[in-house]
Amino acid sequence: MPPTPDTPHERDRMLAFALQWMPYGGGDAEDIMVAFGIPPETYFRRLRHQLADPEQSVDLDSRTVDALLRVCRRRLEHSAASVGRPQVGQ
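Everything numeric here is computed off the predicted structure, so don't read it as measured data.

### Quick word on the packing of helix 3 (residues 40–52) against helix 4 (residues 62–82)
Link 1 in the chain: Running from N to C, helix 3 and helix 4 cross one another at 150°; their axes reach a closest spacing of 9 Å. In this view, helix 3 runs roughly antiparallel relative to helix 4, as classed from their interaxial angle. Note that helix 3 runs across helix 4; the crossing there is left-handed. Of helix 4, the residues touching helix 3 (which contributes Pro 40, Glu 41, Phe 44, Arg 45, Leu 47, Arg 48 and Leu 51) are Val 65, Leu 68, Leu 69, Val 71, Cys 72, Arg 75, Leu 76 and Ser 79.

Structure below.
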């Protein structure tokens, strides 16, 4: 059974991936699917939730968190625009 996004290990993996791919816009859809078995939209929603939730204890400086949140926002906006529907919960 694959780890769920609620496990500390999976949250750490998602954050490490995000940091690695941040300079390149967050990684491509195939890399995200291979690494996590989920579509990019789901990955970026989970990452955004993790970064915004103080209970998740993300040990990053605020500039890095802001940069990662911008990547999430851009990717989710792009995803919503590519299927022609509004982005909910942004």
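### Considerations on the packing of aromatic side chains
Link 1 in the chain: Taken as a whole and assessed by the stated rule, the structure comprises 6 aromatic pairs.
Link 2 in the chain: The interplanar angle of 85° and the centroid separation of 5.3 Å between the aromatic rings of Phe 17 and Phe 36 together place this pair among those described as edge-to-face. Separated by 19 residues along the polypeptide, Phe 17 in helix 1 (residues 8–21) and Phe 36 in helix 2 (residues 29–36) bring together distant segments of the chain.
Link 3 in the chain: Judged by relative accessible area, which is 12%, Phe 36 ranks as buried.
Link 4 in the chain: Members of the aromatic cluster, each reached through a chain of ring pairs, are Phe 17, Trp 21, Tyr 24, Phe 36, Tyr 43 and Phe 44.

### Points about the pattern of salt bridges
Link 1 in the chain: Per the stated rule, a full pass over the model turns up 2 salt bridges.
Link 2 in the chain: Arg 13 is the partner of Glu 10 in a salt bridge, and the nearest nitrogen-oxygen pair spans 2.6 Å. Within this pair, Glu 10 and its partner Arg 13 are both found in helix 1, separated by 3 residues, close to a single helical turn.
Link 3 in the chain: Glu 41 serves as the salt-bridge partner of Arg 45, at 3.5 Å between the closest nitrogen and oxygen. Here Glu 41 and Arg 45 lie together in helix 3, a separation of 4 residues that amounts to about one turn.
Link 4 in the chain: Given a relative accessible area of 15%, Glu 41 falls into the buried group.

### Some words on the nonpolar core
Link 1 in the chain: Ranked by internal contacts, the top residues of the largest apolar core, which has 16 residues, are Ile 32, Phe 36, Tyr 43, Phe 44, Leu 47 and Leu 51.
Link 2 in the chain: Looking at this core, the elements that each hand over two or more residues are helix 1, helix 2, helix 3 and helix 4.
Link 3 in the chain: Take this core: its biggest share by element is 5 residues, from helix 4.

Rules and cut-offs
- Residues numbered from 1 in each chain as written.
- Predicted model: local features only at pLDDT ≥ 70, side-chain atom pairs only at ≥ 80, totals over all residues.
- Heavy atoms only, no water.
- Axes fitted to C-alpha atoms, helices over the stretch in contact; angles between N-to-C directions.
- Helix = DSSP H or I, 4+ residues; strand = E, 2+ residues; numbered from the N terminus.
- Parallel < 35°, antiparallel > 145°, perpendicular 65-115°, else oblique.
- Left-handed = near helix turned anticlockwise from the far one by under 90°.
- Contact = heavy atoms within 4.5 Å.
- Phe/Tyr/Trp six-rings, centres within 6.5 Å; stacked < 30°, edge-to-face > 60°.
- Buried < 20%, exposed > 50% of the residue type's maximum accessible area, 1.4 Å probe, protein only.
- Salt bridge = Lys/Arg side-chain N within 4 Å of Asp/Glu carboxyl O.
- Core = buried A, V, L, I, M, F, W, Y, C linked by side-chain atoms within 4.5 Å.

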